[in-house]
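Okay, here's what each chain looks like letter by letter:
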There are 2 protein chains.
Amino acid sequence: MPDSAAPPVPAAAHELLARWADIAALHDAGAVLGWDQETVMPPKGQPGRGRVLSALAGLAHEKLTDPALAAAIEAAAAVAEPGSELAAQVREARRAVTRATAVPGDLARAKAEATSAALVTWQRARAEDDLAVFAPDLRRVIDLTMQEADAYVAAGIAATRYDALLDEFEPGMTEAMVAPLLADLRDELVGIVHAAVGRGVAVDESAVTGPFPVAGQEAFGREVATAMGYDFEAGRLDASAHPFTTGFGPGDVRITWRWADDDLRPGLYGVMHEAGHALYEQGLPPAWAGTPMGGAVSLGVHESQSRLWENLVGRSEAFWRWAHPRFVAHFPDRAGTTVDAIHPALHTVRPSLIRVEADEATYNLHIVARFEIERALFGGSLGVDDLRDAWDDTYEALLGVRPPSAADGVLQDIHWSMGAFGYFPTYTLGNLLAAQLFEAAGRELGDLDALMAAGDFPELLGWLRRNVHGHASRYPAPELVERATGAPLGADAFLRHLRATVEAVYGAA
Amino acid sequence: MPDSAAPPVPAAAHELLARWADIAALHDAGAVLGWDQETVMPPKGQPGRGRVLSALAGLAHEKLTDPALAAAIEAAAAVAEPGSELAAQVREARRAVTRATAVPGDLARAKAEATSAALVTWQRARAEDDLAVFAPDLRRVIDLTMQEADAYVAAGIAATRYDALLDEFEPGMTEAMVAPLLADLRDELVGIVHAAVGRGVAVDESAVTGPFPVAGQEAFGREVATAMGYDFEAGRLDASAHPFTTGFGPGDVRITWRWADDDLRPGLYGVMHEAGHALYEQGLPPAWAGTPMGGAVSLGVHESQSRLWENLVGRSEAFWRWAHPRFVAHFPDRAGTTVDAIHPALHTVRPSLIRVEADEATYNLHIVARFEIERALFGGSLGVDDLRDAWDDTYEALLGVRPPSAADGVLQDIHWSMGAFGYFPTYTLGNLLAAQLFEAAGRELGDLDALMAAGDFPELLGWLRRNVHGHASRYPAPELVERATGAPLGADAFLRHLRATVEAVYGAA
């Protein structure tokens, strides 16, 4: 664990921390209201909720751009020893303030209005399977996001437009770092997927398909999450239209799920995925709650935690040796299943159209497609008029499938309607990091398969707590990765894991 | 309905309303977080929740005491026609600002933190039946509330500490007005209760006692609340330790309940009570949401709405002529009951320990007890060390019963843990007003018994919407009462109602 109980905060930092506590409280309040809205709010509460959330966001922005906060940051900076915790607090506070002040209020308001409208037209366009319905609003969101990115570049926050976009979600990561990583990965993945598909193996999925009563799915999911270390005394599991994790300090981190009635996988792996996110949030140092460096360091690191538990743990044979008797206890009619029958069904390789339903081998190709298209959009070489063709061509080239409709293609994700460009790469960075962390944990803890088969998840969680969760944003993400794994982020561990898995199911090349 | 769609707001009032919207948003956010805390929050969320609520309260206080708001109020005042809506906005805004500026920000934050902690220790103390568990937090809450009251007195808002407490919940009401009203009522009630008990009639309660499965209780409660006009699309019903209603604008007004497994009455009348409160909140003019006069005018008026539905409607013979077949549908084993058997069981006169389970005749004696104890606590003649004895002695004197435990005595109410001293008298004011409003509604609508027996609750609700709910805080409570009933608030209607009911069950004196 970090030096969280170490030297007391200098008096010069008190004002910074006091002001930050208010900003954090406004964010936490907004997060509680967001959870409420997605899970329990009655329908007629929507207009009032929109007003309250918008007011809270405005108040947080007002607090973040208050010159007195900037002065408090500089006062703290003046006494911060290089490399100290306080220096990290100053770094994180400065970053947030610089971002908030870089964008003129008019532009921020225009983007908020444009995305609010675009969310509605995106939903309609998807329902009507017609990109033209969404195109004018999408054009406006892209234009405003470009202006925003240009403002960040002008403020010296990023070197290029796409860097500015990435920086919101993955601080310190640049287009120049992501592009070669994804290009290499793309070539390897196309080869792996092509080889697996070419082998003509038909995987029997019947062990995890067919009727699974929801009560059993929920009970099994709760048992697995508890075994992982998710603390239900500091969280909840509820149903929602789209699964998510939201935390308001380490003492209250909630997850949601949805399920399929005839397939175990969406429910179980949804719960493990969100519980993985939640373990990160529950493991943040309580002493740092509400301070600039108290939160998760980046979306990529967050995603590494969900993917590690979902894929590296949850889809492994070793995990199922532990899980199988529990699975059968919840689904007695599945007593005839075996781990050998279940494991292959968790690793089908099947190029498909929809990102959120993609398997582990093809998933990152969906991300590569979005990355290439976003770079073209923001580099000026692609316009919204040609977006559908570009999307379909990219899918055909990467995955060998061509969307028969816009709804199953370019209109499938909510992100662009929200102006969240530069977000998609964090999913792949998370996948790569998950494997790299898992290997590093294995080097220290020994045989992870043996641990998992014994249900000794606290060992693995302890390693993640010491090496990831407990550091919150104490170190920038690239430094955290090197400290935890001994190397910069790369694709090797992920590719080793993927090749081994695919080989186990589809046979050697 | 009021003139809510009438003349547009003058430009001079825009800034007042814009600033008020932020303050209202902070209050609404706090209310959502409060509901969450009472119903769904995991236990380890408490410390973080305390911090967030405290920060929101501090921010609201900061906004309320911003000199720019005071200037905006005066700018609006300068153009407000006497008696206009804008004049009412100015009056309500001024009142809130004057109260807020009287209390230093540090004190407001300290009280928010202390009450958040006290809520938890109160719950534990009640579970463990040990006042000592709660005493330190209670002492701190009393101390901070005294400091707050003294600040109001110093600012000239109130003449005495207890006036300052009352003013928060029942603006314009003073200890000097409440004390004689309660003293008179006390004498009348002691007489009525004494006579009823002395008659030696044993009321058969078996029609509403014995097993009542909770699923049936909830379904029956929902059916009754819906018939009253409570809109479940703009609300929810959940379980909580102590029933309450909370609203975040008219589109989201939530109620909670608890129940007894072997008695219909606590659950049913808890739901009707809270639904009565909720009808007021759901009936507030949406156009005024988030403005100074947009909320309920006082707690006494609020309580009149809950009591009207719970007691004047829900315990009447006429209501049960409508309700009985529905009751039997939910509890088929009660098919042998009759309205004639049920009605007396809703009007037993029986001095008892628990306020929220008290009958209509003795209820206000519970309030008199709390009023006397609070005056002693805040007058300095009673300390927390002697609180249990004082409570037990008062109960023995007023009701002839002595609590065998703290849980059934001094620890029974949530209010003091929340710092809500001066709140209890509003229950009695509400009881008196409920009867006075019900008589007035009958003068306009004709035979209310016939309406209720026919299930024509919308008629009664419509009268309340026109005469109470739709006015929000447009008129001060005393003026609202005179407009609605043609007379100032008094005890006559309540005593007429009570004597008639007791006579029906226990026979004439």
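Residues numbered from 1 in each chain as written. Chains lettered and ligands numbered in written order. Predicted model: local features only at pLDDT ≥ 70, side-chain atom pairs only at ≥ 80, totals over all residues. Heavy atoms only, no water.

J.: Honestly, the overall build of chain A in this entry has me stumped. Any pointers?
T.: Secondary structure assignment for chain A yields 20 helices and three strands. With the C-alpha coordinates of chain A rotated into their principal frame, the extents come out at 65 × 55 × 50 Å. The 509 residues of chain A split such that 57% are buried. Pairs at least 24 apart in sequence give 72% of the contacts found in chain A among residues at least 6 apart. Carbon together with sulfur atoms contributes 54% to the accessible area of chain A, which is approximately 19600 Å² in total. Here chain A contributes 41 positively and 70 negatively charged side chains, and the mean placements of these two sets differ by 2 Å. (Helix = DSSP H or I, 4+ residues; strand = E, 2+ residues; numbered from the N terminus. Buried < 20%, exposed > 50% of the residue type's maximum accessible area, 1.4 Å probe, protein only. Contact = heavy atoms within 4.5 Å. Areas by Shrake-Rupley, 256 points an atom, 1.4 Å probe, with all protein chains shown as cover. Lys, Arg positive; Asp, Glu negative; His and termini not counted. Charge placed at Lys NZ, Arg CZ, Asp CG, Glu CD.)

J.: How do you make sense of unusual backbone geometry when you look at a structure like this?
T.: Leave glycine aside and you will find that most residues have negative phi; peptide bonds, for their part, are mostly trans. Positive phi, normally seen in glycine, also occurs at A:Ala472, with a value near 45°. Structurally, A:Ala472 can be placed in the loop between helix H18 (457-467) and helix H19 (477-485). Its identity is not glycine, yet B:Asp129 carries a phi of approximately 50°, on the positive side. Within the fold, B:Asp129 resides in the loop between helix H5 (105-128) and helix H6 (131-154). Given the relative accessible area of 37%, B:Asp129 is considered partly exposed.

J.: Help me out: how do you make sense of the relation of the copies chain A and chain B in this one?
T.: The two chain copies are connected by a rotation around an axis plus a translation along it. Overlaying chain A with chain B gives an RMSD of 1.6 Å, the required rotation being 174° about an axis along which the chain moves by 1.0 Å. Looking at the interface residues of chain A, 100% of them are also at the interface in chain B, so both copies use one shared face. (Least-squares fit on C-alpha atoms with pLDDT ≥ 70 in both.)

J.: Looking at this structure, how should I read the packing of aromatic side chains?
T.: Given two aromatic rings, one states the distance between the centres and the angle between the planes to describe the pair. Tallying each qualifying case throughout the model produces 48 aromatic pairs over all chains. Between the aromatic rings of B:Phe212 and B:Phe331, the centroid separation amounts to 4.9 Å while the plane-to-plane angle is 90°, which identifies the pairing as edge-to-face. Within this pair, whereas B:Phe212 is found in the loop between helix H8 (175-198) and helix H9 (214-228), its partner B:Phe331 is found in the loop between helix H12 (317-330) and helix H13 (339-345), the two being separated by 119 residues in sequence. Like B:Phe212, the residue B:Phe331 is buried in the burial classification. Just above the ring of A:Phe424 sits the side chain of A:Arg370; from NZ or CZ to the centre is 5.3 Å. (Phe/Tyr/Trp six-rings, centres within 6.5 Å; stacked < 30°, edge-to-face > 60°. Lys NZ or Arg CZ within 6 Å of the ring centre and 35° of its normal.)

J.: Can you walk me through the interface of chain A and chain B in this structure?
T.: By a frequent convention, interface size equals the accessible area lost on bringing the separate parts together. The partner chain B presents 35 residues to the 34 residues of chain A that form the contact. With both chains or domains summed, chain A and chain B bury close to 2600 Å², and 60% of this area falls on carbon and sulfur atoms. By the criterion of area lost to chain B, the three top residues of chain A are A:Pro42, A:Lys44 and A:Glu233, representing 19% of everything that side buries. Of the charged contacts, one joins A:Glu62 and B:Lys63 as a salt bridge, the two residues approaching to 2.5 Å between their closest N and O atoms. At the junction of chain A and chain B, the tally comes to 13 residue pairs in polar contact (both at pLDDT 80 or more). (Buried area = accessible area lost by both parts, 1.4 Å probe. Salt bridge = Lys/Arg side-chain N within 4 Å of Asp/Glu carboxyl O. Polar contact = N/O pair within 3.5 Å; in protein donor to acceptor, adjacent residues only side chain to side chain.)

J.: When you look at the nonpolar core in this model, what are you seeing that I'm missing?
T.: Within soluble globular proteins, side chains that are nonpolar tend to cluster in buried spots. Core analysis: the biggest nonpolar cluster contains 79 residues, and B:Trp416 and B:Phe421 have the highest contact counts within it. Of all elements in the fold, only H5, H6, helix H7 (161-169), H8, helix H14 (363-379), helix H15 (387-399), helix H16 (425-445) and helix H20 (492-506) of chain B reach the threshold of two or more residues within this core. In terms of residue count, H6(B) provides more of this core than any other element does, 11 residues in total. Among all residues touching B:Trp416, those that are not within four sequence positions of it are B:Leu138, B:Val141, B:Ile373, B:Glu374, B:Leu387, B:Trp391, B:Val410, B:Phe421 and B:Phe424. If you look at the next biggest cluster of nonpolar residues, it comprises 77 residues, including A:Leu144, A:Ile192, A:Phe371 and A:Leu399. (Core = buried A, V, L, I, M, F, W, Y, C linked by side-chain atoms within 4.5 Å.)

J.: How should I be thinking about the pattern of salt bridges in this particular structure?
T.: Inspection of every chain in the model, using the stated rule, returns 76 salt bridges over all chains. A salt bridge links A:Glu175 to A:Arg375; the shortest N-O distance between them is 2.9 Å. Taken together, the residues span a long stretch of sequence, with A:Glu175 in helix H8 (residues 175-198) and A:Arg375 in helix H14 (residues 363-379) at a distance of 200 residues. For A:Arg375, a relative accessible area of 33% gives the class partly exposed. With its nearest N and O atoms 3.3 Å apart, the salt bridge here joins B:Asp392 to B:Arg388. In this pair, B:Asp392 and B:Arg388 are both assigned in helix H15, four residues apart and thus about one turn of the helix distant. One salt-bridge network, held together by shared partners, links A:Asp36, A:Arg49, B:Asp252 and B:Arg254.

J.: Please clarify how the sheet that holds strand S1 (residues 237-239) of chain A should be interpreted in this entry.
T.: Within a sheet, each strand pairs with its neighbour through backbone hydrogen bonds, oriented either parallel or antiparallel. Residue and element names in this part refer to chain A. Taken together, the three strands give an open sheet; going across it, the order is S1-S3-S2, and neighbouring strands pair in mixed fashion. At either end of the open sheet lies a strand with only one pairing partner, and these are S1 and strand S2 (245-247). For this sheet, the mean inter-axis angle between neighbouring strands, taken without regard to orientation, is 25°. (Pairing = 2+ DSSP bridges. Axes fitted to C-alpha atoms, helices over the stretch in contact; angles between N-to-C directions.)

J.: What am I meant to see in the domain arrangement of chain A here?
T.: All names here are of chain A. When the domains of chain A are assigned, the result is domain 1 (11-159) and domain 2 (177-506). Taken residue by residue, the interface counts 36 residues in domain 1 and 39 residues in domain 2. Summing both partners gives a buried area of about 3200 Å² for domain 1 against domain 2, and 68% of it is carried by carbon and sulfur. Of all residues in domain 1, Trp35, Trp122 and Leu131 give up the largest surface area on contact with domain 2, accounting jointly for 20% of the area buried on that side. Applying the counting rule to domain 1 against domain 2 returns one salt bridge. Among the ionic pairs, Arg139 bridges to Asp385, the shortest N-O distance being 2.7 Å. At the surface where domain 1 touches domain 2, the tally comes to 12 residue pairs in polar contact (both at pLDDT 80 or more). When grouped by side-chain class, the residues that make up the side of domain 1 that touches domain 2 number 20 nonpolar, six polar and 10 charged. (Domains from an automatic or database assignment. Nonpolar A, V, L, I, M, F, W, Y, C, P; charged D, E, K, R; others polar.)

J.: Please explain the pairing of strand S3 (residues 253-257) of chain B as it appears in this structure.
T.: Where a strand is regular, its side chains alternate between the two sheet faces. All names here are of chain B. Burial of S3 is extensive: five of the five residues sit out of reach of the surface. In S3, alternate side chains face the same way, and those of Val253, Ile255 and Trp257 on one face and Arg254 and Thr256 on the other are all buried. Two elements, strand S1 (residues 237-239) and S3, share three bridges in a ladder whose sense is parallel. Along S3, the bridge assignment pairs Asp238 with Thr256. Counting the residues in the hairpin turn of strand S2 (residues 245-247) and S3 gives five residues, including Gly249, whose phi is positive at 90°.

J.: What's the story with a negative patch on the surface in this structure? I'm lost.
T.: The grouping of A:Asp129, A:Asp130, A:Glu357 and A:Asp408 at the surface amounts to a negative patch. Here A:Asp408 shows up in the loop between helix H15 (387-399) and helix H16 (425-445). (Patch = residues over 30% accessible without salt bridge, like charges linked within 9 Å, V, L, I, M, F, W, Y side chains within 5 Å.)

J.: Could you clarify how one ought to interpret the side chain of B:Thr362 in this entry?
T.: All names here are of chain B. Here Thr362 lies in the loop between H13 and H14. Owing to a relative accessible area of 0%, Thr362 belongs among the buried residues under this scheme. Residues contacting Thr362, with those up to four places away along its chain left out, are Val193, Val349, Arg350, Pro351 and Leu399.

J.: When you look at empty space enclosed by the protein in this model, what are you seeing that I'm missing?
T.: Any empty space left between atoms is shown by rolling a water-sized probe over those atoms. Residue and element names in this part refer to chain A. In total, this model carries nine cavities of 30 Å³ or more according to the counting rule given. By volume, the largest cavity is sized at about 70 Å³. For the largest cavity, the full set of lining residues is Trp122, Phe134, Arg370, Trp391, Val410, Asp413, Trp416, Ser417 and Phe424. Looking at side-chain class alone, the lining of the largest cavity contains six nonpolar, one polar and two charged residues. (1 Å grid on protein atoms, 1.4 Å probe; cavity = no way out; pocket = protein on both sides within 12 Å on 5 of 7 lines; lining within 4 Å. Points joined across faces, edges and corners; volume = space filled by probe spheres on them.)

J.: Is there a simple way to explain the sheet that holds S1(B) in this structure?
T.: All names here are of chain B. Reading across the sheet, the three strands line up as S1-S3-S2 and stay open at both edges, with mixed pairing between neighbours. Each end of this open sheet is capped by a strand with a single partner; those strands are S1 and S2. Looking at each pair of strands side by side, their axes are set apart by 25° on average, direction ignored. As paired elements, S2 and S3 share three bridges and run antiparallel to each other. Bridge assignment links Gly247 to a residue of S3, and that residue is Val253.

J.: So what exactly am I meant to see when it comes to the environment of A:Arg124 here?
T.: For A:Arg124, the position within the fold is in helix H5 (residues 105-128). Counting along the chain gives 10 residues from A:Arg124 to A:Phe134, while the straight-line C-alpha distance between them is 7.8 Å.

J.: Where do I start with H15(A) in this structure?
T.: Residue and element names in this part refer to chain A. The end-to-end C-alpha separation of H15 is 18 Å, in line with the 18 Å expected for 13 residues at 1.5 Å each. Those residues of H15 lying buried are Leu387, Ala390, Trp391, Asp392, Thr394, Tyr395, Leu398 and Leu399. Residues of H15 that are buried make contact with helix H6 (131-154), H8 and H14. Immediately downstream of H15, the backbone of Gly400 shows phi near 75°, a positive value. (Expected span 1.5 Å × (residues − 1).)

J.: Hey, could you run me through the packing of H7(B) against H14(B) in this one?
T.: Working note: a packed helix pair is described by the angle between its axes plus the distance between those axes. All names here are of chain B. One can describe the packing of H7 onto H14 by two numbers: an axis separation of 9 Å at closest approach and a directional angle of 125°. Compared by their axis directions, H7 and H14 come out oblique. Residues Arg161, Tyr162 and Leu165 of H7 lie in contact with H14, whose contacting residues are Phe371, Glu374, Arg375 and Phe378. Among the residues forming the contact of H7 with H14, the class breakdown is four nonpolar, no polar and three charged. (Parallel < 35°, antiparallel > 145°, perpendicular 65-115°, else oblique.)

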